[in-house]
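Structure assessment
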Amino acid sequence: MTSVDGSRTFRATSEFSSRVSGVASMVNDERDEFDSRGRLSDELFEQLSTLGFFRLFLPAALGGPELSALEFMEVVEAAAALDGTVGWLVGNGGGMSRAGGYLPAESAREIFDDPLAFVVSSTAAPGRAVRVPGGYTVTGRWPFGSGAPHGTWFSPVCVVHERDQATGEIIFVYVPRHDVVLHDNWQVSGLCATGSVDFELQEAFVPDRFAHAFQPEPTHPGTVYRLPTRSIFSWTVATVPLGIAAGAIDDFVAIARSKGRSGDSAPLAERELVQSQLGQIQARTAASRAYLRNSMSTLHEAIEAGSDLDAPQADFRLACTFASQSALWAIDLLTEMAGAIAIRRTCTLERRERDARAAAKHVAMSPAAYIVGGKLRLGYDPSGSH
């Protein structure tokens, strides 16, 4: 399914946006416990699961909504505007439901027939997958397992070994929760309730039917399943800072209409400087959002046409980085305009700022993307850099 059907896109995003609104009160009630708990409550997680937020890319043939990449962006941004942690988990969990487009149908159903299915993935440190009859034995420890406390299956990246020799092949494996050890080491300043702890495997057996290449051969026809792995991983998180910024803008507008700076009786909204800066924020975040959407559309078109992907991928990574930097710039300016109130834990802007900074640290939004973009524009070969 693609987003060329405008009416379908509107229906899909509108439906999920209304579901985001439906969990707002529950999120607001629990937000004060996010930092201390380090994870979502079971009740909130189950509600998000029931509403389908962790199945966004699941193929329609497997009972999923099979959203397009652009539809996915709209949903994740709406979730992140509600709360950064919620947006991050929707991006990661909903993004990993694309595994249904790579695995054999029997394997995919074993994972996703569970209504609470949540696939945790990590590419930050490759594990070791030793080839054995019928599959692999996998050993490793992977950081940043977002959603791990609620994970039902885990999908780390591994380097294949034949006996003691690395073959150079990189694969993803899928392992059920009972084979996984979690390490309680997620003590951070932002995105606190994502539960992004380390997870570990010790010689866990993984059948062939629960493994596929790093760049897999799709088992379903949708274009989203043919996107380069590095690009689709980036897509699942790059829109989160923009969503957080959108929520921060709404928060600031509410503050500006009712409050002034200390010693100033006039509301912030009446100050011309505030009006000007808010207009700049609106323009830059909208431009970043449009660039991110356009770069993904161009990448789609290149895949459909069978064209070389170097330039579209490089441009896409530029868009991801620019989106996160624009979001941080916007939130910094909003908190500066709001003044001292923005450092209070009771002010939603304070959490927005922490969450956005944590999200922007992801390698998918690294400033190194500018180097690749510059190399390409100057005529150098960017191969292997993105």
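Quick caveat, the model's predicted, so the values are computed rather than measured.

Describing the overall build of the protein chain
A tally of helices and strands in the protein chain yields 13 helices and eight strands. A compact globule built from 386 residues should have a C-alpha radius of gyration of about 21 Å, and the protein chain, at 21 Å, falls within 12% of that. Each of the three principal axes of the protein chain carries a C-alpha extent, and together these read 75 × 50 × 40 Å. For the protein chain, buried positions account for 54% of its 386 residues. Counting only contacts in the protein chain whose residues sit at least 6 apart along the sequence, the fraction spanning at least 24 positions is 73%. Here the protein chain displays about 16400 Å² of accessible surface, and carbon together with sulfur accounts for 52% of that area. Where the 34 positive side-chain charges of the protein chain centre and where its 45 negative ones centre are 3 Å apart.

With respect to the side chain of S295
Mapped onto the elements, S295 comes out in helix α10 (residues 272–305). Judged by relative accessible area, S295 falls into the buried class, the value being 1%. If sequence neighbours within four positions are ignored, S295 has contacts with D315, F316 and A319.

Considering the confidence of the model for the protein chain
Keep in mind that low pLDDT regions are not for reading the predicted coordinates in detail. Of the residues in the protein chain, 95% reach a pLDDT of 70 or more, and the chain-wide mean stands at 93. A low-confidence stretch, residues 1–5 stays under pLDDT 50, and its non-local contacts, those more than four residues away or across chains, total 11 contacts.

Here's the deal with the packing of aromatic side chains
Per the counting criterion, the structure on display carries 14 aromatic pairs. Between the aromatic rings of W142 and F199, the centroid separation amounts to 5.4 Å while the plane-to-plane angle is 20°, which identifies the pairing as stacked. With W142 in strand β2 (residues 135–145) and F199 in strand β7 (residues 197–207), this residue pair connects regions lying 57 residues apart in the sequence. For F199, a relative accessible area of 0% gives the class buried. Each residue in the set F45, F54 and F118 is aromatic and connected to the rest through ring pairs, giving one cluster. The side chain of R98 reaches across the aromatic face of F233, ending 4.5 Å from its centre. Over the ring of Y136 we find R131; its NZ or CZ atom is 4.6 Å from the centre of that ring.

Comments concerning the pairing of strand β1 (residues 119–132)
With eight bridges joining them, β1 and strand β3 (residues 153–162) adopt parallel strand pairing. Across the sheet, the residue bridging to R128 is V159, located in β3. Summarising the sheet, β1 and β2 pair through five bridges and their orientation is antiparallel. When the sheet's bridge partners are listed, R131 is paired in β2 with Y136. The antiparallel hairpin formed by β1 and β2 contains two residues in its connecting segment, where G134 sits at a positive phi of about 85°.

Side note on the side chain of H161
Turning to its location among the elements, H161 is positioned in strand β3. Judged by relative accessible area, which is 11%, H161 ranks as buried. In this structure the side chain of H161 is engaged in a polar contact, spanning 3.3 Å, whose partner is the side chain of R128. Among all residues touching H161, those that are not within four sequence positions of it are R128, A129, V130, R131, A166 and T167.

About the thresholds
- Throughout this document, residue positions are counted from 1 along each chain, in the order its sequence is written.
- Since the coordinates come from a predicted model, pLDDT governs what is reported: local features require at least 70, and pairs of side-chain atoms require 80 or more to be given and counted, while whole-chain, interface and lining totals use all residues.
- To obtain the side-chain values, all non-hydrogen atoms of the structure were used and water was disregarded.
- The helix and strand labels rest on DSSP assignments: H or I over at least four residues marks a helix, E over at least two residues marks a strand, and numbering proceeds from the N terminus.
- Each radius of gyration is computed over the set of C-alpha atoms, and the globule rule expresses the reference value as 2.2 Å times the number of residues to the power 0.38.
- For every residue, the accessible area obtained with a 1.4 Å probe (protein chains only) is divided by the maximum for its type, and the residue is called buried under 20%, exposed over 50%, and partly exposed between those limits.
- Whether two residues are in contact is decided by their heavy atoms, any of which lying within 4.5 Å being enough.
- Working definition of accessibility: Shrake-Rupley area with a 1.4 Å probe, residue cover restricted to the visible protein chains.
- Positive charges are assigned to Lys and Arg, negative charges to Asp and Glu, while His and the chain termini are left out of the count.
- Think of each charge as sitting on NZ of Lys, CZ of Arg, CG of Asp or CD of Glu.
- What pLDDT expresses is the predictor's confidence in each residue, scored from 0 to 100.
- Any two of the Phe, Tyr and Trp rings considered here, Trp counted by its six-membered ring, make a pair once their centres fall within 6.5 Å; the pair's planes then place it as stacked at under 30 degrees, edge-to-face at over 60, or tilted in between.
- Comment: the charge-over-ring label is applied if NZ (Lys) or CZ (Arg) is within 6 Å of the ring centre and within 35 degrees of the ring normal.
- Here the rule is simple: two strands pair whenever DSSP picks up at least two bridges between them.
- We call two N or O atoms a polar contact when they sit within 3.5 Å, provided that within protein one can donate a hydrogen and the other can accept it, with sequence-adjacent residues counted only if both atoms are side-chain atoms.

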